[in-house]
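# Structural overview for review
Letter by letter, the chains look like this.
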Amino acid sequence: MSLIRRSNVFDPFSLDLWDPFQGFPFGSGSSSGSLFPRTSSESETAAFAGARIDWKETPEAHVFKADVPGLKKEEVKVEIEDGNVLQISGERNKEQEEKNDKWHRVERSSGKFMRRFRLPENAKTEQIKASMENGVLTVTVPKEEVKKPEVKSIQISG
């Protein structure tokens, strides 16, 4: 797993890969019977595009938890783009098919995934920490402390 800082976000308003027609026979998510067939690389990318990620905010940090079962930390990237866009991406490779294998069912997804989140202004992007345990990636983005306004006592003369 690596933390990479990048700039040049492709589309700052499109922070997530999502295909509303994925899984429908007439939509763009299926190459068989689709009105708009995809190339093999496009369908592989869409197959795992919906990596599930939770984002919670604590008083000290923004915490992201991503389910990435079966992936090694070397297969996952955590990046900061344009200073405040957190990007989590990776790839799950297809299992090699042997000539003598007979597949009865293939349900586990393979392919690339990418999720982007625009971080709030109080995020300390230079202090991000990421760890992975039991197929769950945890990214912790510390927050700036909220400074309380100073209260000055003014003596009343008179």
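By the naming in an unreviewed UniProt entry, the chain is SHSP domain-containing protein, taken from Eleusine coracana subsp. coracana. According to UniProt, the comment filed for the chain under the heading Sequence similarities (unreviewed entry) is "Belongs to the small heat shock protein (HSP20) family."

Along the backbone of the chain there are one helix and eight strands. Its helices and strands in sequence order give the chain the pattern β-α-β-β-β-β-β-β-β, from N to C terminus. Restricting the contact set of the chain to residue pairs at least 6 apart, pairs at least 24 apart contribute 60%. Accessible surface, the chain: about 11,800 Å² in total, of which carbon and sulfur atoms supply 50%.

Enumeration over the complete set of coordinates arrives at two salt bridges. Here K143 makes a salt bridge to E57, at a shortest N to O gap of 2.7 Å. With K143 in the segment after β8 (136-142) and E57 in strand β2 (residues 53-57), this pair connects stretches of sequence that are 86 residues apart. Overall, K143 belongs to the buried group, its relative accessible area being 14%. The shortest N-O distance in the salt bridge between E81 and R116 comes to 3.6 Å. Of this pair, E81 sits in strand β4 (residues 76-81) while R116 sits in strand β6 (residues 111-118); the two residues are 35 residues apart in sequence, bridging distant segments of the chain. For R116, a relative accessible area of 11% corresponds to the buried category.

Another aspect to go through is the side chain of K143. Separated by 3.0 Å, the side chain of K143 and the backbone oxygen of T58 make a polar contact. Excluding residues that lie within four positions of it along the chain, K143 makes contacts with E57, T58, P59, E60, A61, H62, N122 and K124.

The subject of this paragraph is the pairing of strand β5 (residues 85-92). In summary, the side chains of a regular strand alternate between the two faces of the sheet. The buried count for β5 comes to seven of eight residues, which makes it a mostly enclosed element. Here β4 pairs with β5 via six bridges, running antiparallel. Note that in β5 the partner of E81 across the bridge is V85. With eight bridges joining them, β5 and β6 adopt antiparallel strand pairing.

To continue, consider the side chain of T138. Among the structural elements, T138 can be located in strand β8. Overall, the relative accessible area of 17% leaves T138 in the buried class. If we skip the residues at most four places from it in the chain, T138 touches V63, F64, K65, K129, A130 and S131.

Turning our attention to the confidence of the model for the chain. Averaged over all residues, the pLDDT of the chain is 75; the fraction at 70 or higher stands at 68%. Mean pLDDT values over the elements of the chain span from 42, in helix α1 (residues 40-47), up to 97, in β8. Note that pLDDT drops below 50 for residues 7-18; the model gives that stretch 18 contacts with residues more than four away or on any other chain. For residues 26-49, every residue scores under 50 in pLDDT, and the model assigns this stretch 46 contacts once sequence neighbours within four places are set aside.

Okay, the sheet that holds β2 next. One open sheet accounts for four strands, arranged β2-β3-β8-β7; its pairing is antiparallel. In this open sheet, the two strands that pair with only one neighbour each are β2 and β7 (129-133). Across the sheet, the mean angle separating the axes of adjacent strands is 15° when strand polarity is ignored.

Rules of the game
Note on numbering: residues in each chain are counted from 1, in written sequence order. Owing to the predicted nature of the model, reporting of local features is limited to residues with pLDDT of at least 70; listing and counting of side-chain atom pairs is limited to 80 or more, with chain, interface and lining totals taken over all residues. Hydrogens and waters are ignored; side-chain quantities use all the structure's heavy atoms. UniProt positions are given in the numbering used here, feature names are shortened, and annotations may be inferred rather than shown by experiment. Strands here mean DSSP runs of E at least two residues long; helices mean DSSP runs of H or I at least four residues long; both are numbered from the N terminus. Throughout, a contact is declared for two residues whenever any of their heavy atoms are within 4.5 Å. The accessible surface values rely on the Shrake-Rupley method and a 1.4 Å probe; as for residues, cover is taken only from the protein chains in view. One speaks of a salt bridge when a side-chain nitrogen belonging to Lys or Arg is within 4 Å of a carboxyl oxygen belonging to Asp or Glu. Residue exposure (1.4 Å probe, protein chains only): buried if accessible area is under 20% of the type maximum, exposed if over 50%, otherwise partly exposed. Think of a polar contact as two N or O atoms within 3.5 Å of one another; within protein, one of them needs to be a possible hydrogen donor and the other a possible acceptor, and neighboring residues in sequence only count if both atoms come from side chains. In this description, strands pair whenever DSSP reports at least two bridges between them. The predictor attaches a confidence to each residue, and that confidence, scored 0 to 100, is pLDDT. Here the axes come from fitting lines to C-alpha atoms, over the contacting stretch only for helices, and the angles between their N-to-C directions go from 0 to 180 degrees.

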